[in-house]
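Topology and contacts: notes
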Amino acid sequence: MRYHLLTLGCAKNIADSDGIGALLAQAGMTRVDQADAADILIVNTCGFLQASRRESLDALRALAKLKRADQFLIAVGCLIARYGETIRREIPRVDAVLDAGQWLALPRVIEQLAGDWRASAYTETPGARAIIARVPRQPQGPSAYLKIADGCDRPCAFCIIPAIKGAQRSKTQDAVIAEARDLIAQGAQEIILVAQDTTAYGWDFGDRDALATLIEKLCTEVDGLRWLRLMYAFPGHITPRLIEMMARYPQVAHYLDVPLQHAHPETLARMKRPSIAVTREMLRALRAALPDLAIRTTFIVGFPGETEDEYAALLDFLEEQQFDRVGVFEFSREDGTLAATLPDQVPGKTKKYRRERAMALQQKISLAKNQQCIGREMRVLVEGFGEGMTIARSYRDAPEVDGVILVQKELPIGTFARVKITRAMEYDLVGQVQS
Ligand code: SF4
């Protein structure tokens, strides 16, 4: 039995698709890249924004149109919780839908659809939710995302995730450690911890410092862990002990992804986000303990009521803080969110102009930060080779969202190398191998 798996959405969906791949391999299935060569077509959907929902529905419609009578189409992931019935109604050739927590049941669902096929080596734990269970893994390369929790308890006014994913639920430490060992045993060199809010990990166990403990356990109990990277932190949830763990263990990349969303006190208040004072203090404490820390963050422009002054405060904040990596997004009016009901919605043209202007400013900052790397020796993880260049990443770069380091010499994928930076571009660097 062959399956084709299309993954849409964020790093958490990539982690889930890794798990789906491992589960179906255990069940005796083979992954194929071409949809027409598969018996089972699976789309791991995203439901975060209008644009991502449209992309998921378009992908399902396209496969529904293509699929032969002997093929089955299954939709899984974040779109299902709110739009499962819509999918069934509007795309009747979808044979089954499973929400983001239900994919552990896939082999059973495929058995039911395919009639004569039987999964090998597959035992389903009744009611098991992939969100918190230890899941099988099949990393696709030297780097792997590890989803440590799902759902979210935050009240951010623009965000639909609590409505589609529910409250925060964390994986047990044992499940995370076991999954990390699994990934390392299959060759992963870097593990990236992801969740909606990684810094709230374990709060549902009643432990507000569980992430610091988890990092310490991963660094002391998982042999072979080379790089541990932290993404999706929440401002105000970063504890002194977490910072201490990040500084103490050499496996922890001096990198943090912490979406901030805005910088003006009134905009942040309307967004129901932590105050700028909390954010400034967090950044000061992080940089004091980790002077070479690379910070990635994201901002939303055009939030309802955003005045020119509020926007100017955001630009000033970018200048002031000089972040390494920044994504700027136009506010998306999402049904079911508080922000969708707010007055003073900002016109599309203004949102677009503000996003472009903020990104242009950040491009200059990113270039200047990259130029400061010239002459530095950096340890890099080799990810690929193309057009005569090795593609690698330093501690400053998360996969898929940040820059890369280009090296003229061909280096084995999945290994670390030391390179000296010789040239800087807006987002990427060029380096020479050091012996
Ligand atoms: S913390 Fe992130 S996932 Fe949670 S509500 Fe806020 S924006 Fe959404």
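Residues numbered from 1 in each chain as written. Predicted model: local features only at pLDDT ≥ 70, side-chain atom pairs only at ≥ 80, totals over all residues. Heavy atoms only, no water.

Looking only at helices and strands, the protein chain features twelve helices and 18 strands. Relative to a compact globule of 435 residues, whose C-alpha radius of gyration would be 22 Å, the protein chain shows 22 Å and is just as compact. Along the three orthogonal principal directions, the C-alpha set of the protein chain runs to about 65 × 60 × 45 Å. Each of the 435 residues in the protein chain was classed as buried or not, and the buried ones make up 58%. By sequence separation, contacts in the protein chain at least 24 residues apart represent 74% of the contacts at least 6 residues apart. Looking at the protein chain, you have 55 positive and 55 negative side-chain charges, and the mean spots of the two groups are 1 Å apart. (Helix = DSSP H or I, 4+ residues; strand = E, 2+ residues; numbered from the N terminus. Rg over C-alpha atoms; globule rule 2.2 N^0.38 Å. Buried < 20%, exposed > 50% of the residue type's maximum accessible area, 1.4 Å probe, protein only. Contact = heavy atoms within 4.5 Å. Lys, Arg positive; Asp, Glu negative; His and termini not counted. Charge placed at Lys NZ, Arg CZ, Asp CG, Glu CD.)

The next point concerns empty space enclosed by the protein. A complete count under the given rule lists two cavities of 30 Å³ or more for this structure. Roughly 30 Å³ of volume is contained in the second largest cavity. In terms of lining residues, the second largest cavity is bounded by Thr199, Arg208, Asp209, Ala210, Leu211, Ala212, His237, Thr239 and Leu242. For the lining of the second largest cavity, the element with the highest residue contribution is helix H7 (residues 210-221), accounting for three residues. (1 Å grid on protein atoms, 1.4 Å probe; cavity = no way out; pocket = protein on both sides within 12 Å on 5 of 7 lines; lining within 4 Å. Points joined across faces, edges and corners; volume = space filled by probe spheres on them.)

Looking now at the domain arrangement of the protein chain. Partitioning the protein chain into domains gives domain 1 (2-123), domain 2 (143-371) and domain 3 (377-433). Distance between the C-alpha centres of domain 1 and domain 2: 29 Å. Summed over both sides, the interface between domain 1 and domain 2 buries roughly 1,500 Å², with carbon and sulfur atoms accounting for 60% of that surface. When residues of domain 1 are sorted by the area they lose upon contact with domain 2, Lys12, Phe48 and Arg82 head the list and together hold 41% of the total. Inspection of the region where domain 1 meets domain 2 yields two salt bridges. The salt bridge partner of lysine 147 is aspartate 16, with a shortest N-O separation of 2.9 Å. Linking domain 1 with domain 2 are five residue pairs in polar contact (both at pLDDT 80 or more). (Domains from an automatic or database assignment. Buried area = accessible area lost by both parts, 1.4 Å probe. Salt bridge = Lys/Arg side-chain N within 4 Å of Asp/Glu carboxyl O. Polar contact = N/O pair within 3.5 Å; in protein donor to acceptor, adjacent residues only side chain to side chain.)

The next subject is the packing of aromatic side chains. Under the defined criterion, the tally for this structure stands at six aromatic pairs. Where tyrosine 201 meets phenylalanine 205, the ring centres are 6.0 Å apart and the plane angle is 80 degrees; that geometry is what we call edge-to-face. Aromatic rings pair up to connect Phe299, Phe317 and Phe323 into one cluster. Here the guanidinium or amino end of arginine 208 rests over the ring plane of tryptophan 203, the centre of that ring lying 3.6 Å away. Its end group placed over the ring of phenylalanine 416, arginine 379 keeps NZ or CZ at 4.2 Å from the ring centre. (Phe/Tyr/Trp six-rings, centres within 6.5 Å; stacked < 30°, edge-to-face > 60°. Lys NZ or Arg CZ within 6 Å of the ring centre and 35° of its normal.)

Turning our eyes to something else, we now look at the environment of glutamate 310. Mapped onto the elements, glutamate 310 comes out in helix H11 (residues 308-321). Separated by 45 residues in the primary sequence, glutamate 310 and proline 265 place their C-alpha atoms 8.4 Å from one another. Among all residues touching glutamate 310, those that are not within four sequence positions of it are His262, His264, Glu266, Thr267, Arg270 and Gly305.

Turning next to the sheet that holds strand S6 (residues 143-147). Read across the sheet, six strands follow the order S6-S9-S10-S11-S12-S13 without closing on themselves; strand pairing throughout is parallel. Whereas interior strands pair on both sides, the edge strands pair on one side only; in this sheet they are S6 and strand S13 (325-330). On average, each strand axis in the sheet is tilted by 20 degrees relative to the strand beside it, whichever way the strands run. Relative to strand S12 (residues 294-301), strand S11 (residues 252-257) runs parallel, the two being bridged by three bridges. Directly across from aspartate 257, in S12, lies its bridge partner arginine 296. Strand contacts of helix H1 (residues 11-26): S6 and strand S9 (190-194), with the helix running at about 100 degrees to S6, the strand carrying the most contacts. Sitting on the sheet, helix H8 (residues 240-248) is in contact with strand S10 (227-230) and S11, with an inclination near 135 degrees to S11. (Pairing = 2+ DSSP bridges. Axes fitted to C-alpha atoms, helices over the stretch in contact; angles between N-to-C directions.)

Where empty space is left in the structure can be found by rolling a water-sized probe over the atoms. As a volume, the second largest pocket reaches approximately 280 Å³. In this structure, the second largest pocket is lined by 14 residues; those nearest its centre are Ile14, Gln140, Ser143, Tyr145 and Glu400. For the lining of the second largest pocket, the secondary-structure elements that each account for two or more residues are H1 and S6. Looking at the lining of the second largest pocket residue by residue, the class counts come to five nonpolar, five polar and four charged. (Nonpolar A, V, L, I, M, F, W, Y, C, P; charged D, E, K, R; others polar.)

Moving on: H11. Along its 14 residues, H11 runs 20 Å from first to last C-alpha, staying within 8% of the 20 Å computed at 1.5 Å per residue. Inspection of H11 places Glu310, Tyr311, Leu314, Leu315, Phe317, Leu318 and Gln321 among the buried residues, and these make up the whole buried set. On an axial view of H11, the arc spanned by its buried residues comes to 155 degrees, and they lie on one face. Every exposed residue of H11 that faces more than 90 degrees away from the buried side is listed here: Asp309 and Asp316. Elements in contact with the buried residues of H11: helix H9 (265-271), helix H10 (276-289), S12, S13 and helix H12 (348-371). (Expected span 1.5 Å × (residues − 1). Arc of directions from axis to C-beta.)

Pairing between sheet strands relies on hydrogen bonds along the backbone, with the strands arranged either parallel or antiparallel. If you trace the five strands once around the closed barrel, you get S14-S15-S16-S18-S17, paired in mixed fashion. Taken pair by pair, the neighbouring strands of this sheet meet at an average axis angle of 55 degrees, ignoring direction. Examined bridge by bridge, strand S14 (residues 377-386) and strand S17 (residues 416-424) share five bridges and lie antiparallel to one another. Following the sheet pairing, valine 380 is matched in S17 by alanine 417.

Before going further, it helps to spend a moment on the side chain of arginine 354. Note that arginine 354 resides in helix H12. The exposure class assigned to arginine 354 is buried, which follows from its relative accessible area of 4%. A distance of 3.1 Å separates the side chain of arginine 354 from the side chain of glutamate 308, its partner in a polar contact. If we skip the residues at most four places from it in the chain, arginine 354 touches Val301, Glu306, Thr307, Glu308, Tyr311 and Val346.

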